[in-house]
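# Summary of the model geometry
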Amino acid sequence: MQHDLFSSLDSFQALSVAASALLVRDVAGQYRPAEVDEVLLAAQQLLAAQVRGSDLMDSPAVVKDFLRARLGNLPHEVFAVVHLDAQNRVVDYVEMFRGSVSQTSVYPREVVRDALLRNSCALVLVHNHPSGAARPSRADEVLTQTLKQAAALVDVRVLDHFIVAGDSVNSMAECGLI
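Quick look at the structure, then. Throughout, residues of each chain are indexed from 1 in the direction in which the sequence is written. The predicted origin of the model limits local features to residues at a pLDDT of at least 70 and limits the giving and counting of side-chain atom pairs to 80 or more, whereas totals for whole chains, interfaces and linings rest on all residues. Working from all heavy atoms in the structure, the side-chain values ignore hydrogens and water.

## Looking at the packing of aromatic side chains
The line we're drawing: Stacked, edge-to-face and tilted are the three classes for Phe, Tyr and Trp ring pairs, Trp counted by its six-membered ring, which pair at centre distances within 6.5 Å; planes under 30 degrees apart are stacked, over 60 edge-to-face, the rest tilted. Labels follow the DSSP assignment, with helices taken as runs of H or I lasting at least four residues and strands as runs of E lasting at least two, numbered in each case from the N terminus. Relative accessible area decides the class of each residue, using a 1.4 Å probe on protein chains only: under 20% of the type maximum gives buried, over 50% gives exposed, and in between gives partly exposed.
Using the criterion set out here, one finds 2 aromatic pairs in the structure. Look at Phe79 and Phe97: their rings are 6.1 Å apart centre to centre, the planes differ by 45°, and that puts the pair in the tilted class. In this pair, Phe79 is assigned in strand 3 (residues 78–84) and Phe97 in strand 4 (residues 90–98), connecting sequence segments 18 residues apart. Between Phe97 and Tyr107, the ring centres sit 5.7 Å apart and the planes meet at 65°, which makes this aromatic pair edge-to-face. Taken together, the residues span a long stretch of sequence, with Phe97 in strand 4 and Tyr107 in the loop between strand 4 and helix 4 (108–117) at a distance of 10 residues. Classification of Phe97 by relative accessible area gives buried; the value is 13%. Assessed through its relative accessible area of 48%, Tyr107 is described here as partly exposed.

Structure below.
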């Protein structure tokens, strides 16, 4: 049964309470309450393990949970790529570019190069909006089309572009923009 990581964590305060209930072992071998960032890292690693090798089309909720945990609360923009094989199974997740509070520079050449290095058959593009608005901007739409065209030149498909803003994840494909 799939459990939504965020259903029981309503706020950072709730996460802090959850963290204090978990124990971790320090370098001396002693147990101590977990720090919030340790809980977040463990959650990200667990979700990444669930995502890697999974069929993206069979587990969109897992992918969205992973993206929320990974990008949802960052104070700066990050552009990432989910690499897929011929059966749409996740090969890798790569954070390629980091930007400022309101923008990031994305280089199509680097995205295509990385797809070729990983022998990707398809890509899912991802970036976050620290502003909290998960709606795609006109610049997001143009970038998506540019990357789609560049990837198509080497027979790599762009299946979707997710925008993460806090707990919201918006799929450009679901909005008819891909």
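## Thoughts on the pairing of strand 6 (residues 157–165)
Selection rule: By convention, a crossover is right-handed whenever its connection, traced from the first strand over the helix to the second and viewed with the strands pointing away, goes clockwise. By definition, two strands form a pair when at least two bridges between them are found by DSSP.
Within strand 6, 8 of the 9 residues are buried, which leaves it mostly tucked inside the rest of the structure. In this region the chain leaves strand 5 (residues 122–128), passes through helix 5 (residues 138–152) and returns to the parallel neighbour strand 6; the handedness of that crossover is right-handed. Relative to strand 7 (residues 168–171), strand 6 is paired through 4 bridges, and the arrangement is antiparallel. When the sheet's bridge partners are listed, Val164 is paired in strand 7 with Val169. Between strand 6 and strand 7, which follow one another and run antiparallel, lie 2 residues, and Gly166 among them has a positive phi close to 60°.

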